[in-house]
Amino acid sequence: MTEVTLTINGQRIAARVEPRTHLADFLREEQRLTGTHLGCEQGVCGACTILLDGAPARACLTFAAACNGADIRTVEGFGDDLLMARLREAFSAEHALQCGFCTPGMLISAYDVVRRLPGADEPRIRRELSGNLCRCTGYMGIIAAVTRVLAEATAEERAAAVTPRPIAAAGAGDEPDIPSVAAPSLRSASPRRPSWWARLKARFGVGE
């Protein structure tokens, strides 16, 4: 057993864990934070995404024993966060969730995009969320929700958001961040749906 001390959703936790225990299992089984979902358990689907020291991380690939001293935030830990509140409202308004299994990880990744890339356009949003898989929505509502929050979030809300711990300076060849500029609107003249929204219509009759 390995002794670890870490901060989870603002609360200091001391625990003893098996070296092989993954962080997702520790959060779900030991801390009862079941909002962190387990899907593929191979780091592919993104359902287990949490913030580790302020940056998105796959909880299913991270050993709990390696998180000594870390700050962890799960989807349950944003109760008073205005930026996450905007995302939750937008996900509901834009029909960005159906079964909801991917939603906790998707919200964490979307939170990171809105906080870190205020000038992200549609292709960049899609690229940033490409590590989170959804089998229900077709992604259009998710992109619309993130676009909406990028356009509406205030500088104060971004400033109050969870920020990553400082890391080493980027090396040569690393991709630079997008400059902080106003997010371009992807919406059409209709206030309800962006121009790239697709809708299928069909009509059929039922015989007596």
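Before any of the text, the structure's been laid out above.
Worth saying up front: this structure is predicted, and the values here are computed from it rather than measured.

Analysis parameters
Residues numbered from 1 in each chain as written. Predicted model: local features only at pLDDT ≥ 70, side-chain atom pairs only at ≥ 80, totals over all residues. Heavy atoms only, no water. Axes fitted to C-alpha atoms, helices over the stretch in contact; angles between N-to-C directions. Helix = DSSP H or I, 4+ residues; strand = E, 2+ residues; numbered from the N terminus. Left-handed = near helix turned anticlockwise from the far one by under 90°. Contact = heavy atoms within 4.5 Å. Nonpolar A, V, L, I, M, F, W, Y, C, P; charged D, E, K, R; others polar. Core = buried A, V, L, I, M, F, W, Y, C linked by side-chain atoms within 4.5 Å. Buried < 20%, exposed > 50% of the residue type's maximum accessible area, 1.4 Å probe, protein only. Phe/Tyr/Trp six-rings, centres within 6.5 Å; stacked < 30°, edge-to-face > 60°. Lys NZ or Arg CZ within 6 Å of the ring centre and 35° of its normal. Expected span 1.5 Å × (residues − 1). Arc of directions from axis to C-beta. Pairing = 2+ DSSP bridges. Polar contact = N/O pair within 3.5 Å; in protein donor to acceptor, adjacent residues only side chain to side chain. Parallel < 35°, antiparallel > 145°, perpendicular 65-115°, else oblique.

Let us look at the packing of helix 3 (residues 103-116) against helix 5 (residues 140-152). The N-to-C vectors of helix 3 and helix 5 enclose an angle of 35 degrees; their axes lie 10 Å apart at closest approach. Here helix 3 and helix 5 pass one another in a crossing that is right-handed. Residues M106, A110, V113 and V114 of helix 3 form the contact with helix 5, whose participating residues are I142, V146, V149 and L150. Classifying every residue of the contact of helix 3 with helix 5 by side-chain character gives eight nonpolar, no polar and no charged.

Let us look at the nonpolar core. Ranked by internal contacts, the top residues of the largest apolar core, which has 31 residues, are L87, F91, Y111, V114 and V146. Other than its neighbours up to four places away in sequence, V146 contacts F91, A110, V113, V114, I125 and L129. Membership of the second largest hydrophobic core comes to 20 residues, among which are C48, A57, A59 and A64.

Before going further, it helps to spend a moment on the packing of aromatic side chains. Where two aromatic rings form a pair, the distance of their centres and the angle of their planes describe that pair. Here the structure, examined in full by the defined rule, presents one aromatic pair. Sitting over the ring of F78, R73 keeps its end group 5.7 Å from the ring centre.

Turning our eyes to something else, we now look at helix 3. Under the 1.5 Å per step criterion, the end-to-end length of helix 3 is 20 Å for 14 residues, consistent within 8% with the ideal 20 Å. In terms of burial, helix 3 is largely enclosed, as 13 of its 14 residues are buried.

This part is about the side chain of T36. Along the chain, T36 turns up in the loop between helix 1 (23-30) and strand 3 (49-52). Taking relative accessible area as the criterion, T36 reaches 2% and is therefore assigned buried. With residues near it in sequence (within four places) discarded, T36 still touches L27, R28, C48, I50, A59, T74 and E76.

Regarding helix 1, the residues found buried are L23, A24, F26 and L27. One face of helix 1 carries all of its buried residues, which in axial projection span an arc of 170 degrees. For helix 1, the secondary structure elements touched by its buried residues are strand 1 (2-8), strand 2 (11-17), strand 3 and strand 5 (71-73). R32 sits one or two residues past helix 1 and shows a positive phi near 60 degrees.

The next thing to look at is the pairing of strand 3. As judged from the four bridges shared by strand 3 and strand 4 (residues 55-58), these two strands associate in the antiparallel manner. If you follow L51 over to strand 4, its bridge partner there is P56. Between strand 3 and strand 4, which pair antiparallel one after the other, the connecting turn spans two residues, and D53 there sits at a positive phi close to 55 degrees. Relative to strand 5, strand 3 runs antiparallel, the two being bridged by two bridges. Following the sheet pairing, L51 is matched in strand 5 by R73.

What follows is about the side chain of T49. Position of T49 relative to the elements: it lies in strand 3. Here the side chain of T49 touches G46 through a polar contact of 2.7 Å, landing on its backbone oxygen. The contact partners of T49, leaving out residues within four places of it in the chain, are P56, A57, R58, G105, I108, S109 and N132.

The next subject is the packing of helix 2 (residues 82-93) against helix 3. In the contact formed by helix 2 and helix 3, the axes pass within 10 Å of each other and the chain directions differ by 125 degrees. It follows from the interaxial angle that helix 2 and helix 3 lie oblique. Remark: the crossing between helix 2 and helix 3 carries right-handed chirality. Within the contact between the two elements, helix 2 uses L83, M84, L87, R88 and F91 and helix 3 uses T103, M106, L107, I108, A110, Y111, V114 and R115. Broken down by class, the residue content of the contact of helix 2 with helix 3 amounts to 10 nonpolar, one polar and two charged.

Pairing within the open sheet is mixed, and its five strands lie in the order 2-1-5-3-4. Since the sheet does not close on itself, it has two edges, and those belong to strand 2 and strand 4, each with one partner. Strand-to-strand twist of the sheet, defined as the mean angle between neighbouring strand axes without regard to direction, takes the value 40 degrees. In the packing of helix 1 onto the sheet, contacts are made with strand 1, strand 2, strand 3 and strand 5, and the angle to strand 1 comes to roughly 75 degrees.

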